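As a plain string of letters, each chain reads:
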Amino acid sequence: MADTETFTIEGPEGETDTVELPPVMLELMRDGDEPDAQIIADIVLQAFAQQAHARVHHAEGGVSNEVESANDTLEELFEDRFGISLSEAMGHQH
């Protein structure tokens, strides 16, 4: 089994959880001299944006306006952080 490091995620109300990751995977995903926390934050935003996209655009029966608005916000945050739209990054548009 590969060595792992433990990272702590803290919510706005002080709640925490941990995740263990192999450092070699962080190195694989590192762009330049990014700190580990930035790599993890990038992946969290990517995962939420992709999951929200799937649930909003591929859900049977649609979603609430609140969820659609939150998805729009995630897409804006994604573009602000990565300099590319989620649609461009995913290779398809709706």
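Nothing here was measured: the structure is a model prediction, and the numbers come from that model.

Cut-off values and rules
- Residues numbered from 1 in each chain as written.
- Predicted model: local features only at pLDDT ≥ 70, side-chain atom pairs only at ≥ 80, totals over all residues.
- Heavy atoms only, no water.
- Helix = DSSP H or I, 4+ residues; strand = E, 2+ residues; numbered from the N terminus.
- Rg over C-alpha atoms; globule rule 2.2 N^0.38 Å.
- Expected span 1.5 Å × (residues − 1).
- Buried < 20%, exposed > 50% of the residue type's maximum accessible area, 1.4 Å probe, protein only.
- Arc of directions from axis to C-beta.
- Contact = heavy atoms within 4.5 Å.
- Phe/Tyr/Trp six-rings, centres within 6.5 Å; stacked < 30°, edge-to-face > 60°.

Moving on, we come to the overall build of the chain. Each helix and strand counted, the chain has four helices and two strands in total. Relative to its length of 94 residues, the chain is extended, with a C-alpha radius of gyration of 16 Å against a globular reference of 12 Å. Taken along its principal axes, the extent of the C-alpha atoms in the chain is 45 × 30 × 25 Å.

With that settled, the discussion passes to helix H3 (residues 65-82). A rise of 1.5 Å per residue sets the reference length of H3, with its 18 residues, at 26 Å; its end C-alpha atoms lie 26 Å apart and thus fit the reference within 8%. Taken residue by residue, H3 has Asn71, Leu74 and Phe78 as its buried positions. In a view along the axis of H3, the buried residues occupy a sector of 60°, so they form one face of it. When the buried face of H3 is taken as reference, the exposed residues oriented beyond 90 degrees from it are Asn65, Glu66, Glu76 and Asp80. Buried residues along H3 sit against helix H2 (36-57) and helix H4 (86-90). Looking one or two places after H3, you find Gly83, whose phi comes out positive at around 75°.

Below, the discussion takes up the packing of aromatic side chains. The full count for this structure, using the stated rule, is one aromatic pair. Measuring from ring centre to ring centre gives 4.7 Å for Phe78 and Phe82, while their planes differ by 50°; the resulting arrangement is tilted. One end of the pair is Phe78 and the other is Phe82, both in helix H3 and four residues apart, which spans about a single turn. In this structure Phe78 comes out as buried when scored by relative accessible area, which is 5%.

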